[in-house]
Amino acid sequence: DGVKEAISGDKAKALASFEQAYKLSPNLALALYNKAALLAINGQVKEAIVCYSEVLNTRPNLAQAYYNRGLAHQNLASQIVSLHGTSWRVDSGLELQRAIANYDKCLKLNGRRAQAFYNRGFANYCLGRFEPAYFDFEKAQSLLPMLEAAKFNRSVTAAVLKKPADATPSTPPPAPIGPVGPPWQ
């Protein structure tokens, strides 16, 4: 029911359905995962992180949940900066480090997720870790050659590192934030 309600646009009812399904059957981690995904989509990233953490307590090998929790931490870092400015850089940096840790776990479980490499690269870049960022953008591009944002950011990072690179377009392509599911792949 929760999925149908989410598709129809009734997010509050969908969240309630996912919560009720999980309460009735705590082994139904998919309900909690769907709740977390919907919370993240709604911008309620702190709540989504809590739900993803609970999912991972019961399903510790779920790469997509680590990826999504990393993405939620990365989005929280962006929210902190947009709400409070650079004076909150430490808090934002901690969230980026948490995002990287989650992308690391995701990639340990499935090392072929181009978007996890891309987003980890972006988080590393934001933290001034240019060598790991360059590696991640390069890996993302090799796994998914059509990922133009990885190519663009690899070129930008190469310039910072004074490495040879392809010509950088004047405007960046859209970033591949990535899907929030399906979880059980």
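Let us look at the structure shown here. Please read all numbers here as calculations on a predicted model, not as lab measurements. Once a new chain begins, its residue numbering starts again from 1 and follows that chain's sequence as written. Whole-chain, interface and lining totals are the exception, using all residues; otherwise, since this is a predicted model, local features are given only for residues with pLDDT of at least 70 and side-chain atom pairs are given and counted only at 80 or more. Based on all heavy atoms of the structure, the side-chain values leave hydrogens and waters out of the count.

## Here we look at helix 4 (residues 45-58)
Here a helix means four or more residues in a row that DSSP labels H or I, a strand means two or more in a row labelled E, and each is numbered from the N terminus. Here the expected span of a helix is defined as 1.5 Å times the quantity of residues minus one. With 14 residues, helix 4 extends 20 Å from end C-alpha to end C-alpha; this agrees with the ideal 20 Å at 1.5 Å per step. Between buried and exposed lies partly exposed: a residue is buried under 20% and exposed over 50% of the maximum accessible area for its type, with that area taken using a 1.4 Å probe on protein chains only. V45, A48, I49, C51, Y52, V55 and L56 are the residues of helix 4 that are buried. An end-on view of helix 4 places all buried positions within 165 degrees of arc, on one side of the element. Exposed side of helix 4, more than 90 degrees from the buried face: K46, V50 and N57 are the residues found there. In this description, the arc belongs to the directions extending from the helix axis to the C-beta atoms.

## Topic: the nonpolar core
Residues grouped as a nonpolar core are buried Ala, Val, Leu, Ile, Met, Phe, Trp, Tyr and Cys residues, joined through side-chain atoms within 4.5 Å. Judged by nonpolar contacts, the single largest core of 37 residues is most densely connected at Y52, A65 and Y118. Here this core takes 7 residues from helix 3 (residues 29-41), the largest share from any one element. In this structure, V45, I49, L76 and I80 belong to the second largest nonpolar core, which totals 5 residues.

## Description of the packing of helix 3 against helix 4
A fitted line through C-alpha atoms represents every axis, and for helices the fit uses only the stretch in contact; the resulting angles, taken between N-to-C directions, go from 0 to 180 degrees. Orientation of helix 3 relative to helix 4, taken along the N-to-C sense of each, is 160 degrees, at an axis distance of 8 Å. Put simply, helix 3 runs roughly antiparallel to helix 4. Taken as a pair, helix 3 and helix 4 cross one another with a handedness that is left-handed. Where helix 3 abuts helix 4, its residues A29, L32, Y33, K35, A36, A37, L39 and A40 lie against V45, E47, A48, C51, Y52, E54, V55 and T58. Three categories are distinguished: nonpolar for Ala, Val, Leu, Ile, Met, Phe, Trp, Tyr, Cys and Pro, charged for Asp, Glu, Lys and Arg, and polar for the others, with Gly belonging to the last. For the contact of helix 3 with helix 4, the class distribution of residues is 12 nonpolar, 1 polar and 3 charged. Here roughly perpendicular refers to angles of 65 to 115 degrees, roughly parallel to angles under 35, roughly antiparallel to angles over 145, and oblique to all remaining angles. Crossing handedness: left-handed means the near helix sits turned counterclockwise from the far one by under a right angle, and right-handed means the same turn made clockwise. Any pair of residues with heavy atoms lying within 4.5 Å of one another is described as a contacting pair.

## Quick look at unusual backbone geometry
At K162, a position not held by glycine, the phi torsion is positive, near 60 degrees. On the basis of relative accessibility, which here comes to 74%, the residue K162 falls in the exposed class.

## Here we look at helix 9 (residues 148-161)
Between its first and last C-alpha, helix 9 extends 20 Å over 14 residues, near the 20 Å set by a 1.5 Å rise per residue. Among the residues of helix 9, A149, A150, F152, N153, R154, S155, T157 and A158 are the ones counted as buried. Elements in contact with the buried residues of helix 9: helix 7 (114-126) and helix 8 (130-143). The first or second residue beyond helix 9 is K162, which carries a positive phi of 60 degrees.

## Quick look at the pattern of salt bridges
Should a side-chain nitrogen of Lys or Arg be within 4 Å of a carboxyl oxygen of Asp or Glu, the pair is scored as a salt bridge. A complete count under the given rule lists 5 salt bridges for this structure. Two residues, R98 and E95, come together in a salt bridge whose shortest N-O distance is 2.6 Å. With R98 and E95 both in helix 6 (residues 89-109) and 3 residues apart, this pair spans about one turn of that helix. Residue D104 is joined to R120 by a salt bridge in which the shortest nitrogen-to-oxygen separation is 2.7 Å. Of this pair, D104 sits in helix 6 while R120 sits in helix 7, and the two are 16 residues apart along the sequence. In this structure R120 comes out as buried when scored by relative accessible area, which is 13%.

## Re the packing of helix 4 against helix 5 (residues 63-84)
Axis angle and axis distance: for two packed helices, these are the angle between their axes and the distance between the axes, and together they describe the pair. Running from amino to carboxyl end, helix 4 crosses helix 5 at an angle of 160 degrees, the nearest separation of the two axes being 9 Å. Taken together, the axis directions place helix 4 and helix 5 in an arrangement best described as roughly antiparallel. Here helix 4 and helix 5 pass one another in a crossing that is left-handed. Counted together, V45, K46, I49, Y52, S53, V55 and L56 of helix 4 and A65, Y66, N68, R69, A72, H73, N75, L76 and Q79 of helix 5 form the full contact between these two elements. Considered class by class, the residues forming the contact of helix 4 with helix 5 number 9 nonpolar, 5 polar and 2 charged.

Keep in mind these values describe shape, not function.
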